[in-house]
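# Notes for the structure review
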Amino acid sequence: RLCSAYAEQHPAEVARVLEPLPTGEVAVLLDHLEPQEAAGVVASMLPAIAADCLSHLSLERAGAVVDRLPPDRGVVILRQLEPEAQASVLASLGDRADRLRRLLVHHENTAGALMDPDVLVVPDDVTIGDARALVEQVDHLASYYAYVVSRDQRLVGMIDLRDMMLALPSRAVAEVMRQPVAQIAASSGRQAILAHPGWVDVHALAVI
């Protein structure tokens, strides 16, 4: 119980202690932790070591840990696995693997590989009241903005969630949304991401 509590509250410290040890022994400890606790430790490890530890776990356990990693971190670690092992872990996740597969198709260290694939999206032809109802259904995706797309899935604007809450329910989303949207191509590298002028005005860039 003490080990579990420490791993939950201080995952980075635990990772630093475990990294020099044989990965097979580390995997034994990870196997005794709850998946969420193990994920916190694994996320703090060097990707190559984290992947090696996962390879010593059963597919079910490895999948449970990967499923609880932030998507961008999970992809970095999955890239370190052999193709067959990577495919097996993803298969163990079932439909939940879709968000990771969407990231893996992009080259490493590009905006497409680093993005969060689960974003809040509302259509441009609904009212603010309808948009709020949609947000309530997927409130776990709510962060700073809702992105507005046309029915053919083209990005046409964005709404600050605060503005959405303050606007009259009868107003059209298209009337309240902001344009243009700070965006970056999925193929853009780290330097382009860091140097993007949009960071002056927004907390997140839309990856296209």
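In what follows, the accompanying structure is described.

Definitions and cut-offs
Residues numbered from 1 in each chain as written. Predicted model: local features only at pLDDT ≥ 70, side-chain atom pairs only at ≥ 80, totals over all residues. Heavy atoms only, no water. Helix = DSSP H or I, 4+ residues; strand = E, 2+ residues; numbered from the N terminus. Buried < 20%, exposed > 50% of the residue type's maximum accessible area, 1.4 Å probe, protein only. Contact = heavy atoms within 4.5 Å. Areas by Shrake-Rupley, 256 points an atom, 1.4 Å probe, with all protein chains shown as cover. Lys, Arg positive; Asp, Glu negative; His and termini not counted. Charge placed at Lys NZ, Arg CZ, Asp CG, Glu CD. Arc of directions from axis to C-beta. Core = buried A, V, L, I, M, F, W, Y, C linked by side-chain atoms within 4.5 Å. Salt bridge = Lys/Arg side-chain N within 4 Å of Asp/Glu carboxyl O. Pairing = 2+ DSSP bridges. 1 Å grid on protein atoms, 1.4 Å probe; cavity = no way out; pocket = protein on both sides within 12 Å on 5 of 7 lines; lining within 4 Å. Points joined across faces, edges and corners; volume = space filled by probe spheres on them. Nonpolar A, V, L, I, M, F, W, Y, C, P; charged D, E, K, R; others polar.

### Comments concerning the overall build of the chain
Looking only at helices and strands, one finds 14 helices and five strands in the chain. Its C-alpha atoms give the chain principal-axis dimensions of roughly 60 × 35 × 30 Å. The burial tally for the chain puts 40% of its 208 residues in the buried class. In the chain, 61% of the contacts between residues at least 6 apart in sequence involve partners at least 24 apart. About 11700 Å² of surface is accessible on the chain, with carbon and sulfur atoms providing 53% of the total. Computing the positive centroid from 17 side-chain charges and the negative centroid from 28, the chain places the two 3 Å apart.

### A few points about helix H8 (residues 83-93)
Among all positions in H8, only Gln 86, Val 89, Leu 90 and Leu 93 are buried. What you see down the axis of H8 is that its buried residues fit within an arc of 95°, all on one side. Within H8, the exposed residues directed more than 90 degrees away from the buried face are Glu 84 and Ala 91. If you follow the buried residues of H8, they end up packed against helix H6 (59-67), helix H7 (71-78) and helix H9 (98-104). A positive backbone phi angle near 65° is found at Gly 94, which sits one or two residues after H8.

### Topic: the nonpolar core
Formed by 33 residues in total, the largest nonpolar core has its most connected members in Leu 30, Val 41, Met 45, Val 66 and Leu 78. If you list the elements that add at least two residues to this core, you get helix H2 (11-18), helix H3 (23-32), helix H4 (35-44), helix H5 (47-55), H6, H7, H8 and H9. When near neighbours in sequence (up to four residues on either side) are disregarded, Val 66 contacts Leu 54, Leu 78, Val 89, Leu 93 and Leu 100. Core analysis: the next-biggest nonpolar cluster, separate from the first, contains 15 residues, Val 122, Ala 131, Val 148 and Ala 167 among them.

### Overview of the side chain of Glu 37
Summarising the element assignment, Glu 37 is placed in helix H4. One buried charged side chain, Glu 37, makes no salt bridge at all; its nearest oppositely charged neighbour is Arg 61, positioned 7.6 Å away. Among all residues touching Glu 37, those that are not within four sequence positions of it are Ser 4 and Glu 8.

### Brief notes about unusual backbone geometry
Omega for the peptide link from Gln 179 to Pro 180 comes to -10°, which places this bond in the cis form. In the Ramachandran plot, Asn 109 falls in the positive-phi region, its phi being about 65° despite a non-glycine side chain. In this structure, Asn 109 sits in the loop between H9 and helix H10 (111-114). You can call Asn 109 partly exposed: its relative accessible area is 34%. With a phi close to 65°, Gln 153 is a non-glycine residue in the positive phi region.

### A closer look at the pairing of strand E3 (residues 155-160)
As judged from the five bridges shared by strand E2 (residues 145-149) and E3, these two strands associate in the antiparallel manner. If you follow Ala 146 over to E3, its bridge partner there is Ile 159. Between the antiparallel neighbours E2 and E3 lie five residues, among them Gln 153 with a positive phi of about 65°.

### What to know about H5
Residues of H5 that are buried: Pro 47, Ala 50, Ala 51, Cys 53 and Leu 54. For H5, the angular spread of the buried residues around the axis is 160°, confining them to a single face. If you follow the buried residues of H5, they end up packed against H3, H4, H6 and H7.

### Here's the deal with the layout of surface pockets
Computed from the structure, the largest pocket encloses a volume of approximately 920 Å³. Met 115, Asp 116, Val 119, Leu 205 and Val 207 are the residues nearest the centre of the largest pocket, which is lined by 30 residues in total. Elements supplying a minimum of two residues to the lining of the largest pocket: H10, E2, helix H14 (190-195) and strand E5 (206-207). Its residues placed into classes, the lining of the largest pocket shows 23 nonpolar, three polar and four charged.

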